[in-house]
Each structure stands twice: as C-alpha cells, then as structure tokens.
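# Chains, contacts and geometry: an overview
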Amino acid sequence: MKTVVKKINPGRFQDVELQEACCILQEGGLVAFPTETVYGLGGDALSQGASDKIYHAKGRPSDNPLIVHIADLKGLYDLASDVSPKALRLAEEFWPGPLTMIFPKKENVPMATTGGLHTVAVRMPSHPVARGLIRCSGIYIAAPSANLSGRPSPTKAEHVIEDMDGRIDMILDSGPVGIGIESTILDMTADVPLILRPGYITEDMVREVAGGVSIDPAVAAKMPKENVVAKAPGMKYRHYAPHGQMVIVEGKPEAVAKKINDLVKEKESRQRKAAVIATEETKEMYDCKEVYSIGSRKSEGSIAAGMYGILRQMDTIGAEFIFAESFAEDTLGQAIMNRMLKAAGYHRIKV
Ligand code: TXA
Ligand code: MG
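None of these values were measured; they are calculated from a predicted model.

### Details of the site of ligand 1
Surveying the vicinity of ligand 1 reveals 27 residues, the closest of which are Thr37, Asn64, His69, Ser183 and Gly234. A distance of 2.7 Å separates an oxygen atom of ligand 1 from a polar atom in the side chain of His69. Between Arg123 and ligand 1, the recorded distance is 3.0 Å, taken from a side-chain N or O atom to an oxygen atom. Starting from 680 Å² of accessible surface for ligand 1 in isolation, the protein chains cover 97%. At a threshold of 2 Å from the grid points, most atoms of ligand 1 map onto the largest pocket. Of all the elements in the fold, those that place two or more residues in the shell around ligand 1 are β4 (67-69), β6 (119-123) and β10 (194-197). The greatest single-element share of the shell around ligand 1, amounting to three residues, is contributed by β6. Split by residue class, the shell around ligand 1 holds 14 nonpolar, eight polar and five charged.

Structure below.
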C-alpha cells in the first residue's frame with residue numbers, strides 16, 4: 001500500500017485540504033492525524049472493518065480498546081449510554097482537550113472498537129486539524145497512538161512515517177504536537193472518577209471539578225505487582241520501550257552524574273554503546289559520546305514534549321544501554337515518570 005503524506009498548516013488551512021482524508025475515512029480506510037497530545041491512527045469508530053484494520057496496522061492485541069474522538073457533545077451522547085452530571089462538568093471544563101473519559105457504550109459502537117468491552121473511551125481533541133477532520137468527515141474517529149505496538153508514541157509526522165509507511169492510506173503532517181504525552185484517562189463508570197492513565201490533566205485538576213478522584217492502584221504502583229491488574233488494558237503491556245536496556249538513576253544531580261559516568265565508562269570500556277538522557281541544566285556534567293537533553297528542568301512541559309522523540313532516538317543511534325535522570329512526580333511529572341519507568345521496565349537505581 002502506498003502511504004500519502006500530506007502537509008497541513010495547523011494555523012491556516014482550509015477544509016478542502018482535508019477532503020481526500022475525509023473520503024478515505026468514509027470508505028473505511030486509515031488516516032494518521034495530529035492531536036494536541038500525540039499523533040493518532042484514525043479510522044471509522046462505528047465500522048468493525050476499520051477497527052480491524054487499525055489493530056492490524058499497529059500490530060496491536062485486539063483486546064486493547066481504542067479511544068473514539070468526537071468534535072462536539074452530540075458525539076458523546078451518540079456513543080455513551082450514561083453520562084453523569086459529573087462527567088458533563090468535566091467535559092465542559094476540559095474539552096476540547098487532553099482528557100479521555102470512559103462510559104457504558106451504546107449498541108452502535110462495535111465490540112471490535114472497544115476490545116470486547118461494554119464501555120467506550122471518548123475524547124474531544126483540541127487540535128484544529130483533528131477537529132477539522134472529525135467535522136468534515138462526519139465520522140467519529142477511533143484512534144490509538146499512531147506507533148507500532150510497543151514503540152514510543154509519535155510526536156511528529158516523521159515518527160509516524162517510520163512506523164506506518166506502507167501500512168496505512170494517509171498521514172497528515174502538521175509538524176510537532178504541543179503536549180507530547182497521551183491524554184489522561186478517567187473511568188467514569190464508578191461513583192468516583194478513577195484515573196487509569198495519568199496525563200496533562202492532573203489528579204488535582206480533576207478533583208477540583210469532580211469533588212473527588214482516585215487512581216488505579218496498578219498505575220500508582222512504583223513496580224508492577226502480579227496481583228494488581230491495570231484497568232486500562234493498554235497499561236498492562238510493556239510500552240514506550242526503546243530496544244536498549246534502560247535504567248533510571250535517582251538522587252542529587254552531582255551523585256547521579258557520578259554514578260552514570262561510572263556506568264558509561266564500564267560499558268564503553270567493553271565497546272558497548274551507552275547513551276545518557278539528561279536535561280538542559282545537567283547535560284554538561286556527563287562524560288559520554290551520546291548525551292541527549294530531554295528538555296529543561298524549568299519547564300515540565302518541555303520534558304513531556306521531548307520525551308518520546310528522545311526514546312525513539314535511542315533506537316536510531318542503536319544504544320545498547322541507556323542511563324536516564326529522573327524527575328519529580330508532581331503535576332505533569334506523574335505522567336512523565338509513569339512513561340519513563342515503563343520504558344525502563346521499572347529498573348531504577350537510587351544514589
Ligand atoms: O492522547 C491520546 O489519548 C492519544 C491520541 C491519539 O488521542 N490516543 C491514545 O490511544 O493514546 P492509545 O490507544 O494509544 O491508548 C488508549 C488507552 C489504552 O491503554 C486502552 O487500553 C485504554 O486507553 N482504553 C481504551 N478504551 C478503554 C475502555 N473502554 N476501558 C478501559 N481502558 C480503555
Ligand atoms: Mg498508545
């Protein structure tokens with residue numbers, strides 16, 4: 001299959017530029033498109049055939065449900081059978097934006113889209129191209145992140161091309177995304193909203209609007225525990241992982257740099273390829289051929305935006321060992337460390 005790549009300027013485009021993409025979606029094909037969080041791999045959410053194609057293109061296990069993207073609240077009522085006043089308040093506060101909510105599904109949503117569950121995940125993205133595509137096609141778009149299963153999520157079109165060229169019909173290229181980390185997922189089927197995946201919308205932000213919030217114990221755990229099963233099926237898979245062996249080193253910056261420099265020296269003395277994931281503030285402290293800055297410690301947003309690109313870069317350079325600094329787990333840091341720890345298979349060293 002030939003994959004067409006089409007550039008769309010997110011700040012200035014006309015609906016006709018989306019026409020070809022809309023036709024592909026209407027005919028059951030697949031189009032990757034930008035959202036404010038990461039690039040998505042879109043197909044018609046109400047078509048079993050399109051959902052099957054998405055799983056196939058990603059190489060994704062078919063029990064891992066897809067998120068359905070809508071452009072207005074009518075979409076929510078078309079897909080979800082029970083929307084509580086609390087959910088509506090959250091929607092009014094955070095939509096369009098990086099929040100996904102889970103509801104009991106209506107009959108018309110195929111089980112193929114929800115991975116066999118009776119619930120459906122719904123999100124109203126704020127990215128103008130995502131909104132334009134949903135509106136112009138008249139389609140509710142099922143879209144997981146547009147990476148091959150197990151690889152880091154794509155934050156620019158080049159990442160999508162790396163993984164999806166030849167596997168899907170079209171890629172809309174609108175440059176790098178703004179946030180760089182997937183949406184917060186909230187299960188709204190319980191009385192108290194339950195965070196299944198941390199993201200840009202934090203626990204405190206949800207609590208303020210909903211009155212209360214809890215967090216899935218499998219997500220809060222610093223180590224995966226055998227007896228705690230993640231409620232979002234996708235969270236149980238090893239994810240976001242570079243091919244190299246990654247370790248997170250925690251402690252004061254000087255101690256971390258000393259430990260990492262020792263580890264790098266040991267690997268390099270055996271002709272093994274080591275790389276360091278540092279920050280703007282600390283990158284000069286390392287004595288290694290491959291030092292990468294993920295962003296600035298003064299801005300958690302820059303770290304979130306840089307993370308997946310750097311994890312991909314580790315594979316591009318063929319890093320066999322990856323030593324990464326760690327980040328405070330407050331606000332956006334919770335989502336960042338959730339992904340970093342998964343990428344490292346929960347290997348961490350305290351110094
Ligand atoms: O920011 C995002 O959410 C991006 C963009 C493209 O919108 N999408 C995304 O999709 O990250 P994906 O498929 O990579 O992650 C969806 C997660 C998976 O962990 C899946 O298991 C969970 O959402 N999920 C979807 N439907 C669910 C449901 N009904 N119940 C529980 N978890 C669900
Ligand atoms: Mg994903």
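Read on, since the account is not over.
### Description of the pairing of strand β15 (residues 321-325)
The element β15 is largely enclosed, with a buried count of five among its five residues. As paired elements, strand β12 (residues 245-250) and β15 share five bridges and run parallel to each other. Bridge assignment links Met246 to a residue of β15, and that residue is Ile322. The pairing of strand β13 (residues 274-278) with β15 spans four bridges and is classified as parallel. What sits directly across from Val276, in β15, is Phe323.

### Regarding the layout of surface pockets
Its volume calculated, the largest pocket comes out at about 640 Å³. What lines the largest pocket is a set of 41 residues, among which Arg60, Asn64, Pro65, Ile67 and Ile185 lie closest to the centre. At the level of secondary structure, the elements contributing two or more residues to the lining of the largest pocket comprise β4, β6, β9 (184-187) and β10. A per-element tally of the lining of the largest pocket places β6 first, with four residues. Of the residues assigned to the lining of the largest pocket, the class counts are 18 nonpolar, 15 polar and eight charged.

### Some details on empty space enclosed by the protein
What the rule picks out here adds up to one cavity of 30 Å³ or more. Put simply, the largest cavity is a space of about 40 Å³. Forming the walls of the largest cavity are Ile195, Pro198, Gly199, Ile201, Thr202, Glu203, Thr331, Gln334 and Ala335. The residue inventory of the lining of the largest cavity, partitioned by class, reads four nonpolar, four polar and one charged. Of the domains in this structure, domain 1 (4-220) and domain 2 (245-350) are the two that each give at least three residues to the lining of the largest cavity.

### What about the pattern of salt bridges?
If the charged atoms of two oppositely charged side chains come close together, the side chains can form a pair. Per the counting criterion, the structure on display carries 24 salt bridges. A salt bridge links Arg270 to Glu266; the nearest nitrogen and oxygen atoms lie 2.9 Å apart. A relative accessible area of 40% places Arg270 in the partly exposed class. Through salt bridges with shared partners, one network takes in Arg151, Glu162, Asp163, Arg312 and Asp315.

Rules used throughout
Residues numbered from 1 in each chain as written. Chains lettered and ligands numbered in written order. Predicted model: local features only at pLDDT ≥ 70, side-chain atom pairs only at ≥ 80, totals over all residues. Heavy atoms only, no water. Near = heavy atom within 4 Å. Polar contact = N/O pair within 3.5 Å; in protein donor to acceptor, adjacent residues only side chain to side chain. Areas by Shrake-Rupley, 256 points an atom, 1.4 Å probe, with all protein chains shown as cover. 1 Å grid on protein atoms, 1.4 Å probe; cavity = no way out; pocket = protein on both sides within 12 Å on 5 of 7 lines; lining within 4 Å. Sits in = over half its atoms within 2 Å of the grid points. Helix = DSSP H or I, 4+ residues; strand = E, 2+ residues; numbered from the N terminus. Nonpolar A, V, L, I, M, F, W, Y, C, P; charged D, E, K, R; others polar. Buried < 20%, exposed > 50% of the residue type's maximum accessible area, 1.4 Å probe, protein only. Pairing = 2+ DSSP bridges. Points joined across faces, edges and corners; volume = space filled by probe spheres on them. Domains from an automatic or database assignment. Salt bridge = Lys/Arg side-chain N within 4 Å of Asp/Glu carboxyl O.

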